[in-house]
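# Understanding the architecture of this molecule
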Amino acid sequence: TTPAPTTPPPGAPAVVAGKGAQPASDGAARTFEDIITVRQSNLLEYPQKHGIRVNCIVGCIPQVVQPAAPEASAADSEAASTTRELYDLGNYCEILGIIEDRFGLGLNAAALDQAVELLRVGGTVILNLAGRPGEENVKRMFTRRGYRLPTVLWQSRICQAADTDVTPLVELERGVVAERGLERGAFEFFLHRASRAPVPAATAHAVLSAGATVWHDIFVMEARRAHEELTASIVDGLKRVVAANVMDFVDLYSVDEERGAFVSELLGYFGEKKAPIPAPALGGDLAFRQKLSKYMARYNGTRTSEDSIFVGPSRALTYQALALAITSPGDLWVVNRELHRVVAPVLGKLGIRLVVCSDSVKEAIEMLSLLRPSVMTYAVPGDGKHYAVGQYQALVRAAKAQGTTLVIDDTEDFIISSKPSAGGVLGGLAPYDEADYPIYVVGLEKSNVYPEFQVTFVVHPEPGLHRQLKHAANATYGTIGWFPQKYYDYLFDDMVSFHVDMENSASAKPAIPTPASERDITPTSELWAKHLTRSPLNTTLERIATFLGTSAEQVDALEADGLERRAAAVPGAPRELLTHLIPRLLEASPSELDASAEQEVVGFLQSNGPVQSDVALPVVICYSRVAALFDVLAAIRRRLGAADEIKVVRAAVNTTEDISTLHAVVAAGFEPMAFPGKGKSWPANPGEHPDLLLMDNVGSMEDTLSAMSSLPATKEVWMVYGDGVVEEVNFELKGKSAEARMVMYGGLDKQLRAPGLSLGWVLSPNQSFVDGLKARWRLDNAPLFLQRAVSRLVSARKEKA
């Protein structure tokens, strides 16, 4: 790396040449001995510390673990002992605690890890490697660290060195075979130079012990880094943010450039001191909505105020919020075939009647006049068949004439691209004023990199709609996940970071009007007054206010204050969590989750609270804690009677602080009522007794349990426990029948110390209830990467224990 003085440095090895040979020299008549500098280094530690960057790293490193040293006899001199130790340095390595140790490749793997940050652009690593672990395992050592598939420069088969003890390989092989259930050995030796079939290390050891020879392959392999700067950035970030041994369970070879760039961005964020994973704001963070607004102006040619945009999670959960905001049970909703699979489970869950029409705009207009539905959703077809904007304008006029709320779903036609488009349906409809403008919905769900990161945005200038959408979100799912919003924020950031003046652009469509303040709930037209008053959410604040004995304005203020406090008290993301979370984001998303992951989540609950029980219970994993509660309440409400029946069902609630819980109770169709206070009893009229007891406040459990015991034994009541009080009722789990009307729910955000991670759970001894929840009521599971991260976290804690 640096020129050396003519005189070799102290300790340099002597150059031994054959008889008559002359040292090779370069163009400046310098020999190899002239131009090298010898340093003592712990692997590549010296160049790391001194910031040395190189074009090539060449190594020949031992691949056999150091066997136990024999006890030194009194006759052994100190010099002989030292000589043996130095000699062993050339033959043996030590266990380093990384995954390649199982094949004796640990020291080579560590060198590849260190080489990533030392190589210049285009630099290579060349290693002399014994093929005993098998060629595929040797190559895998390179690729999992972000190197391209190595090239074999030279290959041969040689005798196993007689002065190297292969006993450690026998021990390693025994462990790997037991762990993986292999039918043959983990190492490959050969009885003869021309042998085709390998034998395991145990056989090789027996042959050597008998005085015969065995053979093994030897390779000289050269490899370059894939996505060089990106790989170096990821490796450096993983070591700083996650853990030094993270390469044990990361495979950088399969990481495409887009996935790697996003993870590199995340590592930069989490590299900041105590960076949190906060819960985004209801309706999406302002900064994200601003970027989305800029993107639509620059690439879709439509100027849209960020205040006109509401951001939700998946389309299913967003449509659930939208349905609660503009309809009530029993209303008629028409959708075209393109959207049926998304909307049908939502409307069935909420008791809204569904009629499906064809994808023809003309026939959709006919259905409007024939059925006069409360809502029509038309999804722009994704088969490349598009209609003239004039036909969509006719659909808007027809919906207005029938007093129908029109929703245009442009998911299939909306593509995130750096190429400007004509604006599509949204651009063509933008000139309408807010009284005529349809609700515009787009699901960002076509990412090939992270298909599980789904974000949906709704565009409309009506302030009352945005207000009710936020109430619906607070009642049904909470907020969108931090990681999906971060991913799309990252994509849009690249596209809007350069400055283009779109304000005077001739191609930009007229702006969608900016809504008034959400505090001003006066509808912008008689038509929207009709749309919004149709929803039961229209009276939610008043019903909660009656329960709390206060005003609707005070409830609104309490809700806003609770959201602000929750957003302010966000701890830094724990390193233990990031160690298992970030690597999952580097993996390709699986098409489906291993069923064992759900059980690992249950194990996490049982080992880390709040479910401290050894009783095996059926479980369902939900999108979030809020979604778990709403799904449970919706399922129980349907069991108590059809959603559109004129029947009052009551839920006694022992919390007066969590407004989102009360929102969920009302949105699910229950009338909230209080538990009787100390020394008081339930109403004398049995018809006024609760159908459900919801217990989520541990501070009032003593009075709650007392009130529960005073209910008539003939009253069959559903009991729903939040994770805050589950520990108080674990004694009731044993001996409960499979028909027990008992459900527990909660979320992992507190245990994981990451409010922006949405993962809810439901446990119940009632198997049929849990099965029904999975099949009919749960719209979205928790993101797969998060379930896999929790699964790995549980496994790691078990191994540590």
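One structure accompanies this document, and this report is about it. Worth saying up front: this structure is predicted, and the values here are computed from it rather than measured. Numbers given to residues run from 1 along each chain, matching the order in which its sequence is written. Note on the predicted model: pLDDT of at least 70 is required for a residue's local features to be given, and 80 or more for side-chain atom pairs to be given and counted; whole-chain, interface and lining totals, by contrast, use all residues. To obtain the side-chain values, all non-hydrogen atoms of the structure were used and water was disregarded.

### Let's talk about the overall build of the protein
Elements are defined by DSSP. Helices are runs of H or I of four residues or more, strands are runs of E of two residues or more, and each kind is numbered from the N terminus. Of the regular secondary structure elements, the protein holds 29 helices and 22 strands. Across the 801 residues that make up the protein, the buried fraction comes to 53%. Accessible surface computed for the protein: about 35900 Å², of which carbon and sulfur atoms make up 51%. We call a residue buried when its accessible area falls under 20% of the maximum for its residue type, exposed when it is over 50%, and partly exposed in between, using a 1.4 Å probe and counting protein chains only. What sets the accessible areas is the Shrake-Rupley method with a 1.4 Å probe; for residues, cover comes only from the shown protein chains.

### Examining the sheet that holds strand 18 (residues 671–674)
Strands are labelled as partners when DSSP assigns at least two bridges between them. If you walk across this open sheet you meet the 7 strands as 16-22-21-20-19-17-18, and the pairing is mixed. Since the sheet does not close on itself, it has two edges, and those belong to strand 16 (619–622) and strand 18, each with one partner. The average angle at which neighbouring strand axes cross in this sheet is 25°, direction not considered. Of the strand pairs in this sheet, strand 19 (residues 692–695) and strand 20 (residues 718–722) are connected by 4 bridges, and their pairing is parallel. Opposite Leu-692, over in strand 20, you have Trp-718 as the bridge partner. When checking whether two residues touch, look at their non-hydrogen atoms; a contact exists if any pair is within 4.5 Å. Helix axes use the C-alpha atoms of the stretch in contact, all axes being lines fitted to C-alpha atoms, and the angles between their N-to-C directions lie in the range 0 to 180 degrees. Seen against the sheet, helix 19 (residues 540–548) touches strand 17 (650–653) and strand 18 and runs at an angle of roughly 15° to strand 18.

### A short note on the sheet that holds strand 10 (residues 353–357)
Adjacent strands of a sheet form backbone hydrogen bonds with each other and so pair up, either parallel or antiparallel. Overall, mixed pairing links the 7 strands, which are arranged 8-14-13-12-11-9-10 in an open sheet. At either margin of the open sheet sits one strand with a lone partner, and together these are strand 8 (309–312) and strand 10. With direction set aside, neighbouring strand axes in the sheet form an average angle of 20°. Pairing of strand 9 (residues 332–336) with strand 10 involves 5 bridges; the strand directions are parallel. Looking at the pairing, Asn-336 lines up with Cys-357 of strand 10.

### Remarks on the packing of helix 9 (residues 257–270) against helix 21 (residues 575–586)
Interhelical geometry of helix 9 versus helix 21 gives an angle of 160° and a closest axis separation of 9 Å. By the angle between their directions, the pair helix 9 and helix 21 is classed as roughly antiparallel. Between helix 9 and helix 21 the crossing geometry is right-handed. Along the contact surface, helix 9 presents Arg-259, Val-263, Leu-266, Leu-267 and Phe-270, while helix 21 presents Leu-578, Ile-582, Leu-585 and Leu-586. Asp, Glu, Lys and Arg are counted as charged, while Ala, Val, Leu, Ile, Met, Phe, Trp, Tyr, Cys and Pro are counted as nonpolar; the rest, among them Gly, fall into the polar class. Of the residues assigned to the contact of helix 9 with helix 21, the class counts are 8 nonpolar, no polar and 1 charged. Put simply, angles under 35 degrees are roughly parallel, angles over 145 are roughly antiparallel, angles from 65 to 115 are roughly perpendicular, and the rest are oblique. Left-handed describes a crossing whose near helix is turned anticlockwise from the far helix through less than a right angle; right-handed describes the clockwise counterpart.

### With respect to helix 12 (residues 340–350)
Within helix 12, burial applies to Val-342, Val-343, Val-346, Leu-347, Lys-349 and Leu-350. Buried residues of helix 12, viewed axially, fall in a sector of 155°; they line one side. On its buried face, helix 12 is in contact with helix 11 (315–326), strand 9, strand 10, helix 23 (625–639) and helix 28 (767–777). Positive backbone phi, at 75°, marks Gly-351, one or two positions downstream of helix 12. In this context, the arc is that of the directions from the helix axis out to the C-beta atoms.

### Describing the packing of aromatic side chains
Centre distance within 6.5 Å is the pairing criterion for rings of Phe, Tyr and Trp, where only the six-membered ring of Trp is used; planes under 30 degrees apart are then read as stacked, over 60 as edge-to-face, and the remainder as tilted. A complete count under the given rule lists 24 aromatic pairs for this structure. Their ring planes at 70° and their centres at 6.2 Å tell us that Phe-103 and Phe-187 sit as a pair that is edge-to-face. In this pair, Phe-103 sits in the loop between strand 3 (92–93) and helix 4 (106–115) while Phe-187 sits in the loop between helix 6 (167–180) and helix 7 (201–209), placing the two residues 84 residues apart along the sequence. For Phe-103, a relative accessible area of 8% translates into the label buried. An aromatic cluster is built from Phe-262, Tyr-269, Phe-270, Tyr-450, Phe-453, Trp-482, Phe-483, Tyr-487, Tyr-488, Tyr-490 and Phe-785, whose rings are joined through pairwise contacts. Here the basic side chain of Arg-259 rests over the ring of Tyr-450, its NZ or CZ set 4.9 Å away from the ring centre. A ring is considered to have a charge above it if a Lys NZ or an Arg CZ atom is located within 6 Å of its centre and within 35 degrees of its normal. Lying over the aromatic face of Tyr-269, Lys-486 brings its terminal NZ or CZ to 4.9 Å of the ring centre.

### What to know about empty space enclosed by the protein
With a probe scaled to a water molecule rolled over the atoms, the places where space remains empty come into view. A cavity, in this analysis, means grid points on a 1 Å lattice covering only the protein atoms where a 1.4 Å probe fits yet has no way out; a pocket is instead an open set bounded by protein on both sides within 12 Å along at least five of seven lines, and a residue lines either one if it has an atom within 4 Å of a point. Grid points are joined across faces, edges and corners, and a volume is the space filled by probe spheres set on the points. Summed over all chains, the structure comprises 3 cavities of 30 Å³ or more. Put simply, the second largest cavity is a space of about 80 Å³. Every residue along the wall of the second largest cavity is listed here: Gly-146, Ala-226, His-227, Leu-230, Thr-231, Ile-234, Leu-252, Tyr-253, Val-255 and Asp-256. Classifying every residue of the lining of the second largest cavity gives 6 nonpolar, 3 polar and 1 charged.

### Re the environment of Asp-359
The residue Asp-359 is located in the loop between strand 10 and helix 13 (361–371) in this model. Exposure remark for Asp-359: the relative accessible area of 16% places this residue in the buried category. Through-space distance from the C-alpha of Asp-359 to that of Leu-339 is 9.5 Å; in sequence the pair is 20 residues apart. By the criterion applied in these results, polar contacts are pairs of N or O atoms within 3.5 Å in which, for protein atoms, one can donate a hydrogen and the other can accept it, and in which residues neighboring in sequence qualify only through two side-chain atoms. There is a polar contact of 3.0 Å between the side chain of Asp-359 and the side chain of Asn-336. Only 3.3 Å separates the side chain of Asp-359 from the backbone nitrogen of Arg-337, close enough to count as a polar contact.

### Let's talk about the packing of helix 16 (residues 463–476) against helix 23
Between helix 16 and helix 23, whose axes approach to 6 Å, the crossing angle comes to 85°. Here helix 16 is positioned roughly perpendicular relative to helix 23, judged by the angle of their axes. Contacts between helix 16 and helix 23 involve Ala-473, Asn-474, Ala-475 and Thr-476 on the former and, on the latter, Val-626, Ala-627 and Phe-630. Looking at the contact of helix 16 with helix 23 residue by residue, the classes come out as 5 nonpolar, 2 polar and no charged.

### Comments concerning unusual backbone geometry
The residue Leu-43 is not glycine, and still its phi comes out positive at about 55°. Positionally, Leu-43 belongs in the loop between helix 1 (32–35) and helix 2 (45–49). Although it is not a glycine, Arg-372 sits at a positive phi angle of roughly 45°.

### Here's the deal with helix 4
Most of helix 4 is tucked away: 10 of the 10 residues are buried. Taken together, the buried positions of helix 4 are Gly-106, Leu-107, Asn-108, Ala-109, Ala-110, Ala-111, Leu-112, Asp-113, Gln-114 and Ala-115. Where helix 4 is buried, its residues contact helix 2, strand 1 (54–60), strand 3, strand 4 (119–130), helix 5 (135–143) and helix 8 (228–241).

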